[in-house]
Every structure is written in structure tokens, then in C-alpha cells.
Amino acid sequence: MKLRHFGNEKTPMYVRHAGDRSVCEEVLVRQTYEKPKLGFFVRPHSVWLDVGANIGAFAVWANKKRAAEVITYEPCCENFGLVCQNTELNKVPGKNYKQAIGKGNREIDITYNPETPARSGAKTKKGIVETVQQVDFNDVVETLQPNGIKLDAEGAELEILDDNMNLDGVDYLVMEYHA
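Anyway, here's the lowdown on the structure attached to this text. Predicted model only: the values in this text are computed from it and were never measured. Throughout, a residue's number is its position along its own chain's written sequence, starting from 1. Where local features are concerned, this predicted model is filtered to residues with pLDDT of at least 70; where side-chain atom pairs are given and counted, the filter is 80 or more; whole-chain, interface and lining totals use all residues. Values reported for side chains reflect all heavy atoms of the structure, with hydrogen atoms and water molecules removed beforehand.

### Regarding the overall build of the protein chain
Helix and strand assignments follow DSSP, with helices taken as H or I runs no shorter than four residues and strands as E runs no shorter than two, numbered in order from the N terminus. Along the backbone of the protein chain there are five helices and eleven strands. The globule rule used for comparison is 2.2 Å times the number of residues to the exponent 0.38, while the radius of gyration itself is calculated over C-alpha atoms. A compact globule built from 179 residues would reach a C-alpha radius of gyration of about 16 Å, and the protein chain, at 15 Å, matches this within 12%. Once the C-alpha set of the protein chain is aligned to its principal axes, its extents read approximately 40 × 35 × 25 Å. A simple rule labels every residue: compare its accessible area, found with a 1.4 Å probe on the protein chains alone, to the largest value its type can have, and call it buried under 20%, exposed over 50%, or partly exposed in between. Per-residue burial for the protein chain yields a buried fraction of 50% across its 179 residues. Only heavy atoms enter the contact rule, under which two residues are in contact if any of them lie within 4.5 Å. Of the contacts formed within the protein chain by residues at least 6 apart in sequence, a portion of 61% connects residues at least 24 apart. For accessible areas, the Shrake-Rupley method is used with a probe of radius 1.4 Å. Any residue's cover is judged against the shown protein chains and nothing else. Working note: accessible area of the protein chain is about 9000 Å², and carbon and sulfur atoms make up 48% of it. Only four residue types enter the charge count: Lys and Arg as positive, Asp and Glu as negative, with His and the chain ends excluded. A charged residue contributes its charge at one atom only: NZ of Lys, CZ of Arg, CG of Asp or CD of Glu. Measuring between centres, the 22 positive side-chain charges of the protein chain sit 8 Å from its 26 negative side-chain charges.

### Quick look at the packing of aromatic side chains
Each Phe, Tyr or Trp ring (for Trp, its six-membered ring) is paired with any other whose centre lies within 6.5 Å, and the angle between the two planes then decides the class: stacked below 30 degrees, edge-to-face above 60, tilted in between. Tallying each qualifying case throughout the model produces eight aromatic pairs. When the centroid spacing of 6.1 Å and the interplanar angle of 85 degrees are considered together, the rings of Phe40 and Trp48 count as edge-to-face. Take Trp48: its relative accessible area is 1%, and that puts it in the buried class. Taking 6.2 Å as the distance between ring centres and 40 degrees as the angle between the ring planes, the aromatic pair formed by Phe58 and Trp61 counts as tilted. Linking Phe58 with Trp61, this pair stays in helix α2 (residues 57-66), spanning three residues, or about one helical turn. Judged by relative accessible area, which is 3%, Phe58 ranks as buried.

### Topic: helix α3 (residues 77-89)
A helix is expected to span 1.5 Å for every residue after the first. The end-to-end C-alpha separation of α3 is 18 Å, in line with the 18 Å expected for 13 residues at 1.5 Å each. Along α3, the residues that are buried comprise Asn79, Phe80, Leu82, Val83, Asn86 and Thr87. Viewed along the axis of α3, the buried residues span an arc of 160 degrees, placing them on a single side of the element. Buried residues in α3 make contact with β2 (11-15), α1 (18-29), α2, β4 (69-73) and β5 (96-97). Working note: the arc is built from the helix axis to C-beta atom directions.

### Re the sheet that holds strand β10 (residues 148-151)
Strand pairing is defined by DSSP finding a minimum of two bridges between the two strands. The five strands are arranged β5-β4-β3-β10-β11 in an open sheet whose pairing can be described as parallel. The two strands at the open ends of the sheet, each matched to only one other strand, are β5 and β11 (172-175).

### Regarding the packing of α1 against α2
Two elements in contact, α1 and α2, have axes whose closest approach is 9 Å; the angle formed by their N-to-C orientations is 20 degrees. As judged from the angle between their axes, α1 and α2 are roughly parallel. Once α1 is placed against α2, the crossing between them reads as right-handed. Touching Val23, Val27 and Leu28 of α1 are Ala57, Phe58, Val60 and Trp61, all from α2. Lines fitted to the C-alpha atoms define the axes, with helices restricted to the stretch that makes contact. Angles between their N-to-C directions range from 0 to 180 degrees. To sort the angles, those under 35 degrees are grouped as roughly parallel, those over 145 as roughly antiparallel, those from 65 to 115 as roughly perpendicular, and the leftovers as oblique. Left-handed describes a crossing in which the near helix is turned anticlockwise from the far one by less than a right angle; the clockwise case is right-handed.

### Let's talk about the pairing of strand β1 (residues 2-6)
Note that β1 and β2 share five bridges and pair antiparallel. By the bridge assignment, Leu3 is partnered in β2 with Tyr14. The turn joining β1 and β2, which pair antiparallel and follow one another in sequence, is formed by four residues; a positive phi near 75 degrees is taken by Gly7.

Right, dumping it as C-alpha cells:
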């Protein structure tokens, strides 16, 4: 693991490999989550739920760019360690949870694959199985009442979308879809 700096602000991030560096370039340098022409941006001092936080690049960016508080959920143990290190290093307010988000509260198995950049995913078949706690999406939204949600759950998006998502009070939903 190496400490690298990204973007004009030279944001420090711990990364493992080229996949992590690519994510940091996409989020911190190219600012993927800022789309003013589409009317999409993280509002200053808003609260965001980051489902599938990976190594914490979105949480760090949203806090540095807009002073947002970001609550992260990342079930993969290796990724979660980096989320905690990167949010602490960059003094991001909010909490980090080593849990999956989906439909219902239960234990689930995720597959940890060190050969893939995201490390885990609902569709990954090859790798090491890790049992994690899953919390219900609607319960989390009701409890935390975020202004925005970044949803990148590595294949669990359809399950979440099919569960009558409660988006009361949520102004923005941005997601990456994995079939």
C-alpha cells in the first residue's frame, strides 16, 4: 500500500494498485460526481450515504469539495480498511460501516477476489468467500436521512431498486449499475 496524492489539491489517498489509482483519478481528478450541466452536484454541508465505498474516494472528494458529511458502507474487509484510513487521513466527518446494504437485515456471503479492482461483488464467482452483515437499505435511509446517495454495490443494485426504495428527503441518487 502506498500513499499517493491526487488532483490540484494534492489529496492524499492510500492505494494498493493501478485499480485504486484509477478510481482516485476518476473521482478526485476528473470529478466524475460533479455534473453542473445536468444540474447534479453535491450541495455544501449535505449528508451523503456512500453504498459500496470501495477505498473512500467519493467520501474524501465530497468532503473536500463541498464540506459534505459522508456515511460509508463497505462490506469487503480489505476495502473497508482503506476507507477508514483514507477518511481518517483526510478528516472526513461521518461514520464508516463494514456492512453490505441490500434487502433485509441478515448475514450474506460476498466473494472477495484480489484479482479485481473493486475486490468484491454480488456477481463475482471466483475468490474467497467472506460472510458479512447486510442491513436493509430503507432502514438505513430512514435512520440517517441523507440528502444524497451514491450507490455502487457491485451487483446488488437491482435488489435494492426492486425493494420499493424509500427516497423521502433524498435530493440526489447517483448510481453505477452492475448487471
